[in-house]
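# Architecture and fold: a report
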Amino acid sequence: MLLFAITAQLASRTEPSQLDKEIAAFAEQMRGEGWTAFFKAVSYLGSSLFIIAATFALFAWFGWRSGWLKAAPIIMGTGLVYITNTLAKMAFGRGRPEEAWGIEAAGASFPSGNAMLALSLYGLAAIWIGRDVWLSQTTKRISYVIAALLILLMGASRLYFSVHYATDIIGGFAASFAILALMMAILTARR
């Protein structure tokens, strides 16, 4: 939560932080046709429509394999992160960068909903796969790597199109991580 508090403090300033400016300048230098197509595809994997569909698909798959109660954290975690993000955006009301281009983004900028939801969905999926006794260690490790890459790429895509500041992404990751850690602690304690 400390990381979220720090980024929230930076996001509450009227001007972007030095970190925000430097990362935005780096992202601007990367622009090119190939990167644009790649990051548009990545952005789709963090869109609300995709996250909702993937959440219910994973819930159905995990529920079928292990039981509906054991799969419930997928729905609960993603839903709790979505609600928290909505409330945080209303509380902070940070405007988006003026340099935004290439994709549509609406609403407040802090914290990044795409970053929060990506960490929630892909993180929970990796945790669930990691707990599956029937899957091999190799499969579990691959799922961790894929989840980490998807999460990081989601944040990078938002920076690439300048629809978020770096502190929005970092704050989104921190908030989502804290929510999932708390949720996992509660679920583990109940066992």
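Cut-off values and rules
- Residues numbered from 1 in each chain as written.
- Predicted model: local features only at pLDDT ≥ 70, side-chain atom pairs only at ≥ 80, totals over all residues.
- Heavy atoms only, no water.
- Helix = DSSP H or I, 4+ residues; strand = E, 2+ residues; numbered from the N terminus.
- Expected span 1.5 Å × (residues − 1).
- Buried < 20%, exposed > 50% of the residue type's maximum accessible area, 1.4 Å probe, protein only.
- Patch = residues over 30% accessible without salt bridge, like charges linked within 9 Å, V, L, I, M, F, W, Y side chains within 5 Å.
- Areas by Shrake-Rupley, 256 points an atom, 1.4 Å probe, with all protein chains shown as cover.
- Salt bridge = Lys/Arg side-chain N within 4 Å of Asp/Glu carboxyl O.
- Contact = heavy atoms within 4.5 Å.
- Phe/Tyr/Trp six-rings, centres within 6.5 Å; stacked < 30°, edge-to-face > 60°.

Glancing now at helix α5 (residues 68-92). Taking 1.5 Å per residue as the helical rise, α5 with its 25 residues ought to reach 36 Å, and the 36 Å between its terminal C-alpha atoms agrees with that figure. Among all positions of α5, only A71, A72, P73, I74, G77, T78, V81, N85, A88 and K89 are buried. Looking one or two places after α5, you find G93, whose phi comes out positive at around 60°.

A cluster of nonpolar side chains, Y82, I83, L87 and M90, forms an exposed patch at the surface whose accessible area comes to about 460 Å². By the secondary structure assignment, Y82 is in helix α5. Assessed through its relative accessible area of 47%, Y82 is described here as partly exposed.

Among the secondary structure elements, S143 is positioned in helix α7 (residues 137-160). On the basis of relative accessibility, which here comes to 11%, the residue S143 falls in the buried class. Look past the residues within four positions of S143 in its chain and what remains in contact with it is A126 and I129.

Before going further, it helps to spend a moment on the pattern of salt bridges. Inspection of the entire model under this criterion finds 2 salt bridges. Residue D20 is joined to R94 by a salt bridge in which the shortest nitrogen-to-oxygen separation is 3.1 Å. Residue D20 is found in helix α2 (residues 18-30), and its partner R94 is found in the loop between α5 and α6 (113-131); the two are separated by 74 residues along the sequence. With a relative accessible area of 2%, D20 lands in the buried category. Judged by relative accessible area, R94 falls into the buried class, the value being 7%. The network of salt bridges with shared partners includes D20, R94 and D168.

Counted by the stated rule, this structure contains 10 aromatic pairs. Between F38 and F39 the ring centres are 5.1 Å apart and the planes differ by 65°, which places this aromatic pair in the edge-to-face class. One aromatic cluster is present, built from ring pairs that chain together W35, F38, F39, Y160 and F161.

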